[in-house]
Amino acid sequence: MSRARAALGVVVCLAPALLVAPSSALAVTGDPSAAQARASQWWLDGLGVSKAHQVTRGEGVTVCVVDAYFDASHPDLVGADVSVGADLAHAKPSDFVLGLEHHGTSMMALIVGQGSGPGGSVGTLGTAPKAKVVWVAVPVRGGPSVDDGMKACADLGADVISVSLDTSGKSEAVAYAQARDAVVVAAAGNSGSTTEITDFAGLWGVLSVTGVDASLTFDSRASTAPATFPLSKIDPAPDKVD
């Protein structure tokens, strides 16, 4: 299987994670809600992820997650192929409020989570549990940007780059990743807007996904507006991007 085709297969598995990922998807260490976390993963059967696992579990594909902070020691990630790609943020949990320090870890677990407990029967099971995940941390404010994070992912050889941040970005950074054969996936946003999605998700070439619930209707928090792509934003020679 070609690298691009393999990456596309992981994107199909990865999209449900971004579509439905709640901030509470990951039970914190020792929390008895681990069983609830698995029970809440309706998309494993409802969107055919369990059947997809009979064909592929992401073997041989590298997914790079760009977020603000990661805890690779979480029980759901024990046994997963997870490593540091680049830490451009140097953040610590106390730098965040409202539990946002768990966001990057949740996104990572929704992709490559192994579950926890006996036989991995509870906790979060990822949509591509046999994929390799590298994480790149970027600051929430100031310093290196998501564009820098994407370029770092591309330089690390990522097949898929996942960005679930409400942020802006530049089309040149997307072109840089595409020129290196990476698929860029982004969440459309959680504002509940019907008129706009995040600036980054609206960039040309980004695979943008929004949120649905178990009835496959739009989640009330999800941004669902269509995006338009000016043809002038298309880079005719992305291989020349520095």
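Structure's up top.
Figured I'd write up the structure that's included with this text. From a predicted model like this one, the values you see are computed outputs, not experimental measurements. (Residues numbered from 1 in each chain as written. Predicted model: local features only at pLDDT ≥ 70, side-chain atom pairs only at ≥ 80, totals over all residues. Heavy atoms only, no water.)

## Structural notes on helix α7 (residues 171-179)
What counts is decided by this rule: Relative accessibility thresholds used throughout: buried, under 20% of the residue-type maximum; exposed, over 50%; partly exposed, between the two (1.4 Å probe, protein chains only). For helices the rule is a DSSP run of H or I covering at least 4 residues; for strands it is a run of E covering at least 2, with both sets numbered from the N terminus onward. Any pair of residues with heavy atoms lying within 4.5 Å of one another is described as a contacting pair.
Listed in full, the buried residues belonging to α7 are A173, V174, A175, Y176 and A177. Contacts made by the buried residues of α7 are with α6 (146-155), β6 (160-163) and β7 (183-187). After α7 finishes, the residue D181 shows a positive phi value of roughly 70 degrees.

## Points about the environment of S208
Inspection of the secondary structure puts S208 in strand β8 (residues 207-209). By relative accessible area, which is 30% here, S208 ends up partly exposed. Residues S208 and G189, spaced 19 residues apart in sequence, show a C-alpha to C-alpha distance of 9.4 Å. Once you skip the residues sitting within four places of it in the chain, S208 turns out to touch A186, A188, I197 and A201.

## Examining the nonpolar core
Applicable threshold: Here, nonpolar core refers to any group of buried Ala, Val, Leu, Ile, Met, Phe, Trp, Tyr and Cys residues whose side-chain atoms link them within 4.5 Å.
Of all hydrophobic cores here, the largest spans 28 residues; its most connected members are M150, I161, V163, V184 and F200. Counting only elements with at least two residues in this core, the list comes to β1 (62-67), β5 (132-137), α6, β6, α7 and β7. The biggest single contributor to this core is α6, with 5 residues. Excluding its chain neighbours within four sequence positions, the residues that come into contact with V163 are V66, V146, M150, V185, A186, A187 and F200. W43, V63, V65 and W135 belong to the second-largest nonpolar core, a separate cluster that totals 22 residues.

## Side note on the sheet that holds strand β2 (residues 81-87)
How we decide: Paired strands are those between which DSSP finds at least two bridges. Inter-axis angles, ranging from 0 to 180 degrees, are taken between N-to-C directions of lines fitted to C-alpha atoms, where helices are fitted over the stretch in contact.
The strand order across the open sheet built from 6 strands is β2-β5-β1-β6-β7-β8, with neighbouring strands paired in parallel fashion. Each having just a single partner strand, β2 and β8 make up the two edges of the open sheet. Adjacent strand axes in the sheet meet at a mean angle of 25 degrees, parallel and antiparallel pairs treated alike. Strands in contact with α6 are β1, β2, β5, β6 and β7; relative to β6, the strand with the most contacts, it is inclined by about 155 degrees.

## Looking at unusual backbone geometry
One non-glycine residue, D181, lies in positive phi territory at about 70 degrees. Examined against the element boundaries, D181 turns out to sit in the loop between α7 and β7. Of the residues examined, D181 reaches a relative accessible area of 33% and is grouped as partly exposed. With phi around 65 degrees, L216 is a residue other than glycine that occupies positive phi space. Tracing the chain through its elements places L216 in the segment after β8. For L216, a relative accessible area of 51% corresponds to the exposed category.

## What about the pairing of β5?
The buried fraction of β5 is high, at 5 of 6 residues. In terms of strand pairing, β1 meets β5 through 6 bridges, oriented parallel. The residue bridging V65 from the neighbouring strand is W135, located in β5. In terms of strand pairing, β2 meets β5 through 6 bridges, oriented parallel. Bridging from a neighbouring strand, D81 pairs with K132 of β5.

## A word on the packing of α6 against α7
Selection rule: By the definition adopted for this analysis, an angle is roughly parallel if under 35 degrees, roughly antiparallel if over 145, roughly perpendicular if from 65 to 115, and oblique otherwise. Gly counts as polar in this scheme, as do all residues outside two lists: the nonpolar Ala, Val, Leu, Ile, Met, Phe, Trp, Tyr, Cys and Pro, and the charged Asp, Glu, Lys and Arg.
It is the contact of α6 with α7, at a shortest axis distance of 9 Å, that shows an interaxial angle of 5 degrees. Classed by the angle they form, the pair α6 and α7 counts as roughly parallel. Contacts from D147, M150, K151, A154 and D155 of α6 reach α7 at A173, V174, Y176 and A177. When the residues that make up the contact of α6 with α7 are grouped by side-chain class, the tally is 6 nonpolar, no polar and 3 charged.

Spatial relationships are all this shows, so hold off on functional conclusions.
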